[in-house]
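# Per-entry structural report
Single-letter residue listing:
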Amino acid sequence: AQSVTQPDIHITVSEGASLELRCNYSYGATPYLFWYVQSPGQGLQLLLKYFSGDTLVQGIKGFEAEFKRSQSSFNLRKPSVHWSDAAEYFCAVLNSGGGADGLTFGKGTHLIIQP
Amino acid sequence: EPEVTQTPSHQVTQMGQEVILRCVPISNHLYFYWYRQILGQKVEFLVSFYNNEISEKSEIFDDQFSVERPDGSNFTLKIRSTKLEDSAMYFCASTVIETQYFGPGTRLLVL
């Protein structure tokens, strides 16, 4: 069965500093990979996704992520965080068959921004 | 931009009562999903629905749960006899094929 590991439960970053959130997946084939963000009391917003092709993908709000097959990783990065980036970030994987399959989520990383 | 909507945003119910959570998926989407997130835990897949029938379901989705698309726009999740452990945020999602778009969720509290 596929699984997603986000090893950092909490991360604290100063405003303006760079950010990297880690995500590792376990899946036999090439998965479809996603990052979602959840602000307090809100739903899940898609930040970016990787299906195939260029392993560095750009998303909304200045985020990017890099797929590394050799490390089974899909880490999320941002060069300079803003206070509004404080939220919960979830990495998710989808069976590349897509369609009816549900996403498998990691446990999430809570991002705290220090002034 | 089209969005998935969910009602109600919050619901409080007594243990043993039936609840129906409602979702309006994005209009041209074909696959619909329900997920739940127990407080402090990860988001978990419950069920997917395509062409008016269940496509996949997790072990969480037992006989007390059911889903329905009663008309051309709504997609509902029914919990027949709620338990305390059903307290969670329930998210609806929809997709054309791969990228799932989520609604804002319904927070269910079972007392």
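The structure reproduced in this document is the subject of the present report. (Residues numbered from 1 in each chain as written. Chains lettered and ligands numbered in written order. Predicted model: local features only at pLDDT ≥ 70, side-chain atom pairs only at ≥ 80, totals over all residues. Heavy atoms only, no water.)

Cis geometry marks the peptide bond from Thr7 of chain B to Pro8 of chain B, where omega comes out at -10 degrees. For Pro8 of chain B, the position within the fold is in the loop between β1 (5-7) and β2 (10-13). The residue Ser72 of chain A is not glycine, and still its phi comes out positive at about 50 degrees. For Ser72 of chain A, the location among the structural elements is in the loop between β8 (64-68) and β9 (73-78). (Helix = DSSP H or I, 4+ residues; strand = E, 2+ residues; numbered from the N terminus.)

With that settled, the discussion passes to the pairing of strand β4 (residues 31-37) of chain B. Residues and elements named next belong to chain B. Most of β4 sits inside the fold, with seven of its seven residues counted as buried. Of the two faces of β4, the one lined by Tyr31, Tyr33, Tyr35 and Gln37 and the one lined by Phe32, Trp34 and Arg36 are each fully buried. As paired strands, β4 and strand β5 (residues 43-50) are joined by seven bridges and run antiparallel to one another. Bridging from a neighbouring strand, Arg36 pairs with Glu44 of β5. With antiparallel pairing between neighbouring strands as the criterion, β4 and β5 make up a hairpin whose turn holds five residues, including Gly40 at a positive phi of roughly 80 degrees. Here β4 runs beside strand β9 (residues 88-95); their pairing, made up of seven bridges, is antiparallel. Counterpart to Arg36 in the pairing with β9 is Tyr90. (Buried < 20%, exposed > 50% of the residue type's maximum accessible area, 1.4 Å probe, protein only. Pairing = 2+ DSSP bridges.)

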